[in-house]
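# Structural characterization, general
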Amino acid sequence: MERPYRGIATLHETPSGYHIAVPAKKHLPIVIIFSLWLVGWILSIISVSSLLEDFYGTINGSLGIEGMFIMVWLAFWIAGGLFVMKTLIWYLIGQEIIIIDHEQISIARKNDLLFRQKIYDLREAKRFHVEEEPLSLFFGSTQ
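Residues numbered from 1 in each chain as written. Predicted model: local features only at pLDDT ≥ 70, side-chain atom pairs only at ≥ 80, totals over all residues. Heavy atoms only, no water.

## Quick notes on helix α2 (residues 65–93)
Condition: Only DSSP runs of H or I with at least four residues qualify as helices, and only runs of E with at least two residues qualify as strands; both kinds are numbered from the N terminus onward. Expected span, for any helix, means 1.5 Å times one less than how many residues it has. Accessibility here uses a 1.4 Å probe with only protein chains present; expressed as a share of the type maximum, an area under 20% marks a residue as buried, one over 50% as exposed, and anything in between as partly exposed.
With 29 residues, α2 extends 42 Å from end C-alpha to end C-alpha; this agrees with the ideal 42 Å at 1.5 Å per step. Within the sequence span of α2, burial applies to G67, I70, L74, G81, V84, T87, L88, W90 and Y91.

## What to know about the sheet that holds strand β4 (residues 104–110)
Selection criterion: Two strands make a pair as long as DSSP finds a minimum of two bridges between them. Orientation is described by axes fitted as lines to C-alpha atoms, over the contacting stretch for helices, and by angles from 0 to 180 degrees between their N-to-C directions.
Strands sit in the order β1-β2-β3-β4-β5 across an open sheet of five strands; the sheet is antiparallel. Strand pairing shows two members of the sheet lacking a second neighbour, β1 (10–14) and β5 (118–121), which therefore form its edges. Along the sheet, successive strands turn relative to each other by an average axial angle of 15°, direction set aside. Bridge count between strand β2 (residues 17–23) and strand β3 (residues 95–101): seven bridges; the pairing is antiparallel. Bridge pairing in β3 links G17 to D101.

## Description of unusual backbone geometry
Trans is the common state for peptide bonds, and a negative phi is the common state for residues other than glycine. Its identity as a non-glycine residue notwithstanding, N111 has a phi of 65°, on the positive side. You can see N111 is positioned in the loop between β4 and β5.

## Points about the confidence of the model for the chain
Rule in force here: Per-residue confidence from the predictor is reported as pLDDT, a score between 0 and 100.
The share of residues in the chain with pLDDT of 70 or more is 78%, and the mean pLDDT across the chain is 81. Taken element by element, the predicted model of the chain shows its lowest mean pLDDT in helix α1 (residues 28–59) (81) and its highest in β3 (91).

## Let's talk about the pattern of salt bridges
Note the threshold: We define a salt bridge as a side-chain nitrogen of Lys or Arg found within 4 Å of a carboxyl oxygen belonging to Asp or Glu.
Within the structure shown, the criterion is met by three salt bridges. The partner of D112 in a salt bridge is R109, and the shortest N-O contact between them spans 3.2 Å. With relative accessibility at 8%, the residue D112 sits in the buried group. Judged by its relative accessible area of 31%, R109 is partly exposed. We note a salt bridge from D121 to R123, for which the minimum N-O separation is 3.1 Å. Its relative accessible area of 30% is what places D121 among the partly exposed residues. If you follow the salt bridges from partner to partner, you end up with K86, R109 and D112 in one network.

As structure tokens, this is what we get:
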């Protein structure tokens, strides 16, 4: 059966099986929003750095409610920024690598931090199927 289009995945046949590389889907609205948010995040970290110098000099062993708030806010702000960076890296240069050999199927994500490789035993796998995702224009809406 002839494929109606070539697709974006690259397929390499190896002596032990197949190696398929699928680039991450580019969600343009999310990439734009996260990029703008990251610029604001960096600017806020720069502006807060002077506040942190004053904060460090004033605590002198006693941490008040303002100091606790700043520390908790900073922890969540840094965690949010790291999540946004991870997501942007995945959307811009990420790839899903699928390796099929005689005994197993492994799925890994290249350039996606904190993703563990998944390995499936072919003897236990049954009823494979492929579903095509509908066209998504904005945040999950289809047309």
